[in-house]
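Remarks on the overall topology
Each chain, letter by letter, is given below.
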There are 2 protein chains.
Amino acid sequence: MQIAIVLYDRFTALDAVGPYETLGRLPDAETVFVAEEAGPVRNDSGNLALLADRALAEVPHPDIIVVPGGPGPLPLAADGPLLTWLRTADAASTWTTSVCTGSLLLAAAGLLRGRRATSHWLALEELKRHGADPTGERVVTDGKYVTAAGVSSGIDMGLTLLGRIAGDDHARLVQLGTEYDPQPPYDAGSPEKAPAHLVELFREHSGVILT
Amino acid sequence: MQIAIVLYDRFTALDAVGPYETLGRLPDAETVFVAEEAGPVRNDSGNLALLADRALAEVPHPDIIVVPGGPGPLPLAADGPLLTWLRTADAASTWTTSVCTGSLLLAAAGLLRGRRATSHWLALEELKRHGADPTGERVVTDGKYVTAAGVSSGIDMGLTLLGRIAGDDHARLVQLGTEYDPQPPYDAGSPEKAPAHLVELFREHSGVILT
């Protein structure tokens, strides 16, 4: 099995590395980081660069696609290289997945029309505008499409899909190996749980975050 | 403030990116990935490479040091470039931190003698042999030394230290922005919680994992 994790300028690193470190431990799978061109790809803050080992053109038919998100601007151009590749790759994939605003890329490529999906909590309205049916769940599976909520949700998605493909015990092994027994020091991980004034702060600035 | 995240051959990616994505959002902080030489550094599986933007020699006195772990072999040579740099950098740092077996590097550099600390659950005995006082906690703070348990624990560590430095509300903001509201699909994230046969499988192979 080939897993392709797509990188593009200003992606969010944990969106990519969460699923990488979990789903990427699928037995007999080869994971490859891909981008429009092979080479270093800078993240949203500019101070982290992951290497795309292959160009999109070299990886036309991965079995599993993973699209991380980012704060934007996202490469949403319908006839741009990323969405063009996504449509072709998705036609042959076994699973097409995303983390955070990565689902906006899937939706903009036309892949989530009428499908239940999720995204970063700030982007759920925009996901709806692209034709998907947004839920507030952390990991959503609709057919072969698996989408995750914001940033850290990719870890839960990776384990969920890993269990689906390789069986629960294998996913438990990976959870144990990555010691994924979360103990967040605060309880502010969603807009429902965080203090209202902090949620408001985010909503006020979301125009900045997502453009 | 300068945060230096150390990379070395066969490091574990999520160990580095977890704290990066949380602690790295400290206001007015500059985060830099460093390694013995600037350039791409391959992870434990060989299919992911992060760019070290600076060489260790160019970043002699970061305010915060973050040392990720890996399955080994680790660069534990007492007079090797990494441990030599660690001792000097630690002498001036405000915080010296690690994730997973990264604490073995801190301990081998002599920084954790008699200090409470933690590591990947498979490495707690080895941590003790290096003179530290291992606890099974997920994030341990002893003076300026903050160590985290395995792999994914770096996220909890990042938020803990972020809260300590920038205040609880700022850490809550980052938790909200990274939507860190974990919902693991299984409950096997520690040796206490995982099924005994899976824990046993790991212990049998830990010689392979840590050498």
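Look up a bit, the structure's there.
Right, let's walk through the structure included here. Worth saying up front: this structure is predicted, and the values here are computed from it rather than measured.

Before going further, it helps to spend a moment on the overall build of chain A. A tally of helices and strands in chain A yields seven helices and 11 strands. By the compact-globule yardstick of 17 Å for 211 residues, chain A fits well, its C-alpha radius of gyration being 16 Å. Along the first, second and third principal axes, the C-alpha atoms of chain A reach 45 × 40 × 35 Å. Out of the 211 residues in chain A, the part that is buried amounts to 62%. Looking at chain A alone, contacts between residues at least 24 apart form 62% of all its contacts between residues at least 6 apart. Taken as a whole, chain A presents about 7500 Å² of accessible surface, with 49% of it coming from carbon and sulfur.

In this complex, chain B contributes 64 residues to the contact, which on the side of chain A involves 64 residues. Taken over both partners, the interface formed by chain B and chain A buries close to 5500 Å², and the fraction arising from carbon and sulfur atoms is 59%. Per-residue buried area on chain B facing chain A is highest for Leu176, Glu179 and Tyr186 of chain B; these three make up 15% of the total on that side. Here chain B is connected to chain A by four salt bridges. Its salt-bridge partner being Lys193 of chain B, residue Asp181 of chain A comes within 2.8 Å of it at the nearest N-O pair. Counting across the chain B and chain A interface gives 44 residue pairs in polar contact (both at pLDDT 80 or more). Among the elements that take part in the side of chain B that touches chain A, helix α6 (residues 168-177) of chain B stands out by supplying eight residues, more than any other. In terms of residue class, the side of chain B that touches chain A is built from 31 nonpolar, 19 polar and 14 charged.

Let us now look at the relation of the copies chain B and chain A. When chain B is fitted to chain A, the best match, at an RMSD of 0.0 Å, comes from turning it 180° and sliding it 0.0 Å along the axis. Such values leave the two copies arranged in the relation of a two-fold axis. Closest to the rotation axis within chain B is the C-alpha of Leu50 of chain B, separated from it by 2.4 Å. Take the interface residues of chain B: 100% of them recur as interface residues in chain A, which is what a same-surface contact looks like.

Let us look at the packing of aromatic side chains. Residues and elements named next belong to chain B. Counted by the stated rule, this structure contains four aromatic pairs over all chains. The interplanar angle of 35° and the centroid separation of 5.4 Å between the aromatic rings of Tyr20 and Phe33 together place this pair among those described as tilted. Highlighted residues: Tyr20 in helix α1 (residues 13-22) and Phe33 in strand β2 (residues 30-35), separated in sequence by 13 residues. Taking the relative accessible area as the measure of exposure, Tyr20 reaches 3% and is therefore buried. A relative accessible area of 0% means that Phe33 is categorised as buried. Aromatic pair Trp121 and Phe202: ring centres 5.8 Å apart, planes at 75°, arrangement edge-to-face. One end of the pair, Trp121, is in the loop between β8 (116-117) and α4 (124-129); the other, Phe202, is in helix α7 (residues 196-209), with 81 residues separating them in the sequence.

A cis geometry characterises the amide bond from Gly72 of chain A onward to Pro73 of chain A, with omega recorded as -5°. One non-glycine residue with positive phi stands out, namely Val151 of chain B, at about 40°. Tracing the chain through its elements places Val151 of chain B in the loop between β11 (145-148) and α5 (153-166). Despite not being glycine, Glu179 of chain B shows a phi value in the positive range, around 45°. Relative to the assigned elements, Glu179 of chain B resides in the loop between α6 and α7. For Glu179 of chain B, a relative accessible area of 8% translates into the label buried.

What counts and how
- Residues numbered from 1 in each chain as written.
- Chains lettered and ligands numbered in written order.
- Predicted model: local features only at pLDDT ≥ 70, side-chain atom pairs only at ≥ 80, totals over all residues.
- Heavy atoms only, no water.
- Helix = DSSP H or I, 4+ residues; strand = E, 2+ residues; numbered from the N terminus.
- Rg over C-alpha atoms; globule rule 2.2 N^0.38 Å.
- Buried < 20%, exposed > 50% of the residue type's maximum accessible area, 1.4 Å probe, protein only.
- Contact = heavy atoms within 4.5 Å.
- Areas by Shrake-Rupley, 256 points an atom, 1.4 Å probe, with all protein chains shown as cover.
- Buried area = accessible area lost by both parts, 1.4 Å probe.
- Salt bridge = Lys/Arg side-chain N within 4 Å of Asp/Glu carboxyl O.
- Polar contact = N/O pair within 3.5 Å; in protein donor to acceptor, adjacent residues only side chain to side chain.
- Nonpolar A, V, L, I, M, F, W, Y, C, P; charged D, E, K, R; others polar.
- Least-squares fit on C-alpha atoms with pLDDT ≥ 70 in both.
- Phe/Tyr/Trp six-rings, centres within 6.5 Å; stacked < 30°, edge-to-face > 60°.

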